[in-house]
Every structure is written in C-alpha cells, then in structure tokens.
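Chain and residue survey
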Amino acid sequence: MSKKIILGVSGSIAVYKSVYLVRLLIKSGYDVKVVMTPAATKFVSALTFATISKNPVSLNIIDKDTWSNHVELGLWADAMLIAPATASTLSKLSTGLSDNMLIATYLSAKCPVFIAPAMDLDMWKHPSTRSNITALQSYGNYIIPVGTGELASGLIGDGRLAEPDDILRYLNEALINKDLKGKKVIITAGPTQEALDPVRFLSNHSTGKMGICLAEECAIRGAKVTLILGPTHLQCNHPEVKTIKISTAQDMYDVAVEEFKSSSIAIMAAAVADYRPKNTSAQKIKKKNNDMSIELERTPDIAKTLGENKTHEQYTIGFALETHNALENAKGKLKRKNFDLIVLNSLEDKGAGFKHNTNKVSIVNKSGDVEEYPLKPKQQVAIDIIDQLISIMN
Ligand code: C5P
C-alpha cells in the first residue's frame, strides 16, 4: 500500500523537524514530494529535502521562464501535509493568497489536507490566527494539535510543532484502511532466555524489531494487539499495543496459548529457543579443571500448538529463518505447523534478519504460491505481510 504525500514546508525554526518527518514517512511506506516556501529555504536547504525524500523539491511557480505544474502535483497526491505551517502560511491558506508554490499546490489539491501549525505562544493565541484555524477547519482540513513546551522565543506554552512521531500517527489514523478493525491479534517477538544458573542463559541475537513493526502495523489498521515480547532493549510505542514481557520459551508458550483463545490471528515472529537446560542450577555453576557438558531438553513449540488447535476462523503466520535450502524448509514448516502464511528470510541475504532495520522476505501461502519482495525497512515489510494476510482472509 504505497501512499503519495506532498509535504508543504513553510518558514519556521521547526523546519528541522520536518527533515526527520520525511524519513519517518518514507519508512512507513509513503512516497514524499516536498514543496517549500521561499522563507523555509532560509532554515533548511531544498537540497536536504530533495536528498532525504529522493524526489525533486518544488520551490517556484515560475522557474527560469518555465511554469511549474502545481495542478499536476496537487492531483498526484493521496494527501497533503503542511508542517510546519507558520502564522503567515495559515493566513494565506485561509484566504487563498496564492503567492507561492505551496499555496498554489494547496489550492489545486483534491486530497485530504493536514496542517501542523508552529508559531510563538502569543501568535497562536491571537484572534487572527484563531479565525484562520476555524476557517481552515470549516474547509474540511485537519488541524494537527500543536505541542506545549519551550518555544524558539524562550517562552513556554502552546505553539510548538507536533513531534514527527505524533504527526505520523495522526496521518496514519486518518488515512489508513482499518481492515483489521474488530480483530484481536497476538504477536510473539524477540528472543527467549533459558537459564543455566542465576547468571547465565542460552539465547540468540533476535531484537524483536520485526515483531514490533508488525504489532504497530496491526494496531494502525485497527486491531487490538497483544505483543508477547522476549528480553530486548526495544519497545513498542503504539498506545494501542499491550505488551506482555516474558523471558523463557515456556512463559511465552503459556501466555500465547491463553491469549490465542480470544484472538483471530497469531503472528509468531519470535526466535524461540528450541532447547533449554534440563536442570537450572539455583547457584552459580563453579568452573572446574575438566570439561563439562550441559544436558538440554526441548522447549514447547508455540506455533505448532496454536496451528494444531486453531479453528476455521483463526489464522496463524510463522517465520522461517534459514541458512540453506530456504524455500524447501519454509514450505515444510508451513505444513508441519499448519500456518496460513510463512515469511521466509535468509541469513544469506545482506541486510536481512537479526539486528538489521531492513529485511528481505518471501511470503509463502498454503497453495505454495511464493511472493518475493526486495530489501525494505522492516516497517514496510510489516505492511506487505499484513496485506498478504488480508488477502487470504478475504
Ligand atoms: O522450527 P522453527 O523454530 O524454525 O520455526 C520457526 C517458527 O516457529 C517461527 O514462527 C517461530 O516463532 C515459531 N516457533 C515457536 N515456538 C518454538 C519454536 C519456534 O512458536 N518453540
């Protein structure tokens, strides 16, 4: 699901936040084109935005005797976001004073428009600004609430540009299809730790990043999400995701089996330990002069248990991290664990798997169809996985 967005940038000290915002938008699967007012270029150059957005930046309606097609730009977009919107830009937007490319594009856009104001406390409170905001809302535009805190003037109060993460969340809430509304989803993520003694454990390199991205994507699409997360320094920030922290495979199993009873979907992205020490020493194991060996026993297989017990209304998705015979092994796992989909990532692919912010996956369904995807940020991989899930559910 690629979404095309125009980011209009006007001249405020908060422009620096918009650079990071472009990054966030791209990571979330948006195609971004930036249009700047002349004043905005005094704070951050067009080159910065062009480089980060990977698209040319629109600056002038007339450029060296050529007329720029703001109508085409306005029609290209699925949404327009103006961030930061200064008091001056708000005034021009509300009256249609089209003296720069940003306002001309806004007047040509037929898509939803989101406005994130930024200005000083007293400018924000002024009746002129208030009436501009009221007018813009009456035209159907969305006003993203300003933040409160320290302002460029040194004053403290309302008027800060909303934080980029909050702007992104606001956009996603308004624009994204709520195709998982009413569904409860459980997601296992991260490693497990199997204790040998009070100071040592068996574990792996998983960070839980892929599972956290999946949890966020499901929540954005309206699901009620429970994330069952192994020990990791990462956390899920989406307010609609309930995180249950566990440490062993047995704990993860117990929580997952219980939570799945009231869920429609389980996504097993955790790197669960297959074996644990048969005995855990209550005291630290002392070293001796001779070698030692540890007896291991199998941990319960969460995915297999859920797969065996699921109803026709429940779906399970598994992951396969393979080092060789990848596709064959993944297809075998899909059958054995009764998954509806399996996501295959290979450690042979550069930038895929543990610790990376990117992943390169293939998704295999029950009929054996394989969809291969290029290397992408994990947020976008999560979009692809959930799109595939929606298509089999329909
Ligand atoms: O068999 P393998 O461990 O490679 O299978 C990987 C898939 O099974 C993943 O989705 C993983 O989360 C899940 N799994 C599980 N419980 C285990 C082992 C793996 O849910 N004990």
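Residues numbered from 1 in each chain as written. Predicted model: local features only at pLDDT ≥ 70, side-chain atom pairs only at ≥ 80, totals over all residues. Heavy atoms only, no water.

Bringing the domain arrangement of the protein into the picture now. What the domain assignment reports for the protein is domain 1 (4–175) and domain 2 (184–393). Domain 1 and domain 2 are separated by 39 Å when their C-alpha centres are compared. Residue-level contacts link seven residues of domain 1 with eight residues of domain 2. Taken over both partners, the interface formed by domain 1 and domain 2 buries close to 580 Å², and the fraction arising from carbon and sulfur atoms is 53%. Broken down residue by residue, the surface that domain 1 buries against domain 2 is led by Lys-27, Arg-169 and Asn-172, which jointly contribute 68%. Across the contact surface, domain 1 and domain 2 share zero salt bridges. Taken together, the links from domain 1 to domain 2 amount to one residue pair in polar contact (both at pLDDT 80 or more). Broken down by secondary-structure element, the contributors of at least two residues to the side of domain 1 that touches domain 2 are α1 (15–27) and α8 (164–175). In terms of residue count, the dominant contributor to the side of domain 1 that touches domain 2 is α8 (three residues). The residue inventory of the side of domain 1 that touches domain 2, partitioned by class, reads one nonpolar, three polar and three charged. (Domains from an automatic or database assignment. Contact = heavy atoms within 4.5 Å. Buried area = accessible area lost by both parts, 1.4 Å probe. Salt bridge = Lys/Arg side-chain N within 4 Å of Asp/Glu carboxyl O. Polar contact = N/O pair within 3.5 Å; in protein donor to acceptor, adjacent residues only side chain to side chain. Helix = DSSP H or I, 4+ residues; strand = E, 2+ residues; numbered from the N terminus. Nonpolar A, V, L, I, M, F, W, Y, C, P; charged D, E, K, R; others polar.)

A few words now on the site of the ligand. Contacts to the ligand come from 13 residues, most closely from Met-268, Ala-270, Pro-300, Phe-319 and Lys-333. The backbone of Ala-303 places a nitrogen or oxygen atom 2.9 Å from an oxygen atom of the ligand. The contact in question runs from an oxygen atom of the ligand to an N or O atom on the backbone of Phe-319, over 2.9 Å. Among the secondary structure elements, those contributing two or more residues to the shell around the ligand are α11 (302–309) and β18 (315–322). Its residues assigned to classes, the shell around the ligand shows seven nonpolar, two polar and four charged. (Near = heavy atom within 4 Å.)

On the surface, a cluster of nonpolar side chains totalling about 400 Å² of accessible area is made up of Tyr-275, Met-292, Ile-294 and Leu-296. Relative to the assigned elements, Met-292 resides in the loop between β16 (275–277) and β17 (296–298). (Patch = residues over 30% accessible without salt bridge, like charges linked within 9 Å, V, L, I, M, F, W, Y side chains within 5 Å. Areas by Shrake-Rupley, 256 points an atom, 1.4 Å probe, with all protein chains shown as cover.)

Aromatic rings in a pair are described by how distant their centres are and how their planes are angled relative to each other. One pass over the structure, following the stated rule, counts two aromatic pairs. When the ring of Phe-114 is compared with that of Tyr-142, the centres are 4.6 Å apart and the planes differ by 15 degrees; the resulting orientation is stacked. Linking Phe-114 in strand β6 (residues 113–117) with Tyr-142 in strand β7 (residues 142–143), this pair joins segments that are 28 residues apart in sequence. Accessibility expressed as a relative area gives 35% for Tyr-142, which makes it partly exposed. With a centroid separation of 6.3 Å and an interplanar angle of 85 degrees, the aromatic rings of Phe-114 and Tyr-170 are classed as edge-to-face. Taken as a pair, Phe-114 in strand β6 and Tyr-170 in helix α8 lie far apart in primary sequence, 56 residues in all. (Phe/Tyr/Trp six-rings, centres within 6.5 Å; stacked < 30°, edge-to-face > 60°. Buried < 20%, exposed > 50% of the residue type's maximum accessible area, 1.4 Å probe, protein only.)

So, on to the pattern of salt bridges. With the rule as written, the count across this model stands at 20 salt bridges. With a closest N to O distance of 3.1 Å, Lys-92 and Asp-99 form a salt bridge. Lys-92 gets classed as buried once you look at its relative accessible area, which sits at 18%. Here Asp-301 makes a salt bridge to Lys-337, at a shortest N to O gap of 2.8 Å. Of the two residues, Asp-301 is situated in the loop between β17 and α11 and Lys-337 in the loop between α12 (326–336) and β19 (341–346); the sequence distance between them amounts to 36 residues. On the basis of relative accessibility, which here comes to 22%, the residue Asp-301 falls in the partly exposed class. What makes Lys-337 buried here is its relative accessible area of 17%. One salt-bridge network, in which partners are shared between bridges, spans Asp-179, Glu-217, Arg-221 and Asp-387.

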